[in-house]
Amino acid sequence: MSLPTLLSQHIVRRPQRIALLQHIAEQGSITRAAKSAGLSYKAAWDAIDELNNLAQKPLVERSVGGKGGGGAKLSAEGERVLRLYQKLQALQAQVLEAAEDASDLDLLGRLMLRTSARNQLHGKVAAIETQGYNDRIRLELAAGLSLDAQITHDSTLRLDLQTGTEVVALIKAGWLEVLGGDDEATAGNNCLEGVIEEILDAEDGPCEVRIGLPNGLTLCALAGSRHLQSRQLSTGKPVRVQFSPSNVLLGTPL
């Protein structure tokens, strides 16, 4: 049951998020599944987006605004991942019993990284171009999409990046600029096209805009309500987002 390396690590490190898949299979609703898993509705959406992005294939098939706050079911890939998770659950007790000391578990905890970046996209290094002290790293995402990251040459060496290396691209939501139809993308920036899946309004800050990409991945961007209104951007409308390669952070499996 081969899975992408980064998704496999996520299953081990964040089991509560994988458990959400089981609740979705049982409940058929994002709202009810979130409640059963002890998550907020927003946290459940975040978890689904992250899982889908790491898997490179959608694990959850969803419809916004369905009965109970949005209908949902597992895709065939989601069912496969859930079966693997259930096998891991059976082995968990054995792993914990094998720890010789509590410090063993503390050590494992220090090696597991969480990040505040909302967008975590799995990809592979397609090309590395040296530009002075920096390198421009071309990443291939699922279904033929690509983006560029700019990091120092020292970082390229430290991460041992080469063609074919699996990486996670981390992009904070605030680093994505939402573009309207008449807005021109800045030369040299990454520019991805998608469809607005949902807009979450906030009383004291920018809106959270969830954007579905053609390859099934999801991006989260922040944009003011006036910005969206002036560009007539709403749920279901096509949209573009741009971001600088220097705002793409790269991570590799430990």
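Keep in mind that what you see is a predicted model, and the values were worked out from it rather than measured.

Participant: I'd like a rundown of the nonpolar core, residues and numbers included.
Facilitator: By size, the foremost hydrophobic cluster in this structure holds 33 residues, and its most contacted members are L147 and L250. Within the residue set of this core, elements represented by two or more residues are β3 (119–131), β4 (134–140), β5 (146–152), β6 (166–171), β8 (190–200), β9 (207–212), β10 (218–223) and β11 (238–243). Once residues lying within four places of it in the same chain are set aside, the contact partners of L250 are I137, L139, A149, I151, L159, L161, V167, V168 and A169. L20, I24, A44 and V60 belong to the second largest nonpolar core, which has 21 residues in total.

Participant: Could you give an account of the packing of aromatic side chains, with specific residues and numbers?
Facilitator: In total, this model carries one aromatic pair according to the counting rule given. Aromatic pair Y41 and W45: ring centres 5.9 Å apart, planes at 80°, arrangement edge-to-face. Taken together, the residues Y41 and W45, both in helix α4 (residues 41–55) and four residues apart, mark about one turn of the helix.

Participant: Before we move on, can you summarise the pairing of β6 with the specific residues and values?
Facilitator: Of all the six residues making up β6, five are buried; the element is thus mostly covered by neighbouring parts of the structure. In the sheet, β3 pairs with β6 via six bridges, with the strands oriented antiparallel. Counted as the bridge partner of G123 is V167 from β6. Taken together, the three bridges between β6 and strand β12 (residues 249–251) define a ladder with antiparallel strand orientation. Counterpart to V168 in the pairing with β12 is G251.

Participant: Any details on the pattern of salt bridges? Residues and values, ideally.
Facilitator: A complete count under the given rule lists 13 salt bridges for this structure. The residue E77 makes a salt bridge to R80 at a minimum N-O spacing of 2.8 Å. Placement of the pair is E77 and R80 together in helix α5 (residues 76–98), with a separation of three residues, close to one helical turn. Linking E208 and R118 is a salt bridge whose minimum nitrogen-to-oxygen distance equals 3.0 Å. Placement of E208 in strand β9 and of R118 in the loop between α6 (102–110) and β3 is noted, with a sequence separation of 90 residues between them. Take R118: its relative accessible area is 30%, and that puts it in the partly exposed class. Taken together, the shared-partner salt bridges connect K42, D46, D49, R118, E198, E208 and R210 into one network.

Participant: Outline the environment of A117, listing residues and values.
Facilitator: Mapping A117 onto the fold places it in the loop between α6 and β3. Judged by relative accessible area, A117 falls into the buried class, the value being 7%. The spatial distance from the C-alpha of A117 to the C-alpha of W175 is 9.9 Å, given a sequence separation of 58 residues. Look past the residues within four positions of A117 in its chain and what remains in contact with it is L170, I171 and K172.

Participant: So what about the sheet that holds β4? Which residues, and what values?
Facilitator: Strand pairing in a sheet is mediated by backbone hydrogen bonds. Such pairs are either parallel or antiparallel. Across the sheet, which stays open at both edges, the five strands sit in the order β5-β4-β3-β6-β12 with antiparallel pairing between neighbours. In the strand order of this sheet, the two ends are held by β5 and β12, each with one partner. For this sheet the average axis-to-axis angle between neighbouring strands, irrespective of direction, equals 45°. The pairing of β3 with β4 spans seven bridges and is classified as antiparallel. Note on β4: the bridge partner recorded for I128 is I137. This element, α4, spans β3 and β6 of the sheet and lies at about 45° to β3.

The rules behind these values
- Residues numbered from 1 in each chain as written.
- Predicted model: local features only at pLDDT ≥ 70, side-chain atom pairs only at ≥ 80, totals over all residues.
- Heavy atoms only, no water.
- Core = buried A, V, L, I, M, F, W, Y, C linked by side-chain atoms within 4.5 Å.
- Buried < 20%, exposed > 50% of the residue type's maximum accessible area, 1.4 Å probe, protein only.
- Helix = DSSP H or I, 4+ residues; strand = E, 2+ residues; numbered from the N terminus.
- Contact = heavy atoms within 4.5 Å.
- Phe/Tyr/Trp six-rings, centres within 6.5 Å; stacked < 30°, edge-to-face > 60°.
- Pairing = 2+ DSSP bridges.
- Salt bridge = Lys/Arg side-chain N within 4 Å of Asp/Glu carboxyl O.
- Axes fitted to C-alpha atoms, helices over the stretch in contact; angles between N-to-C directions.

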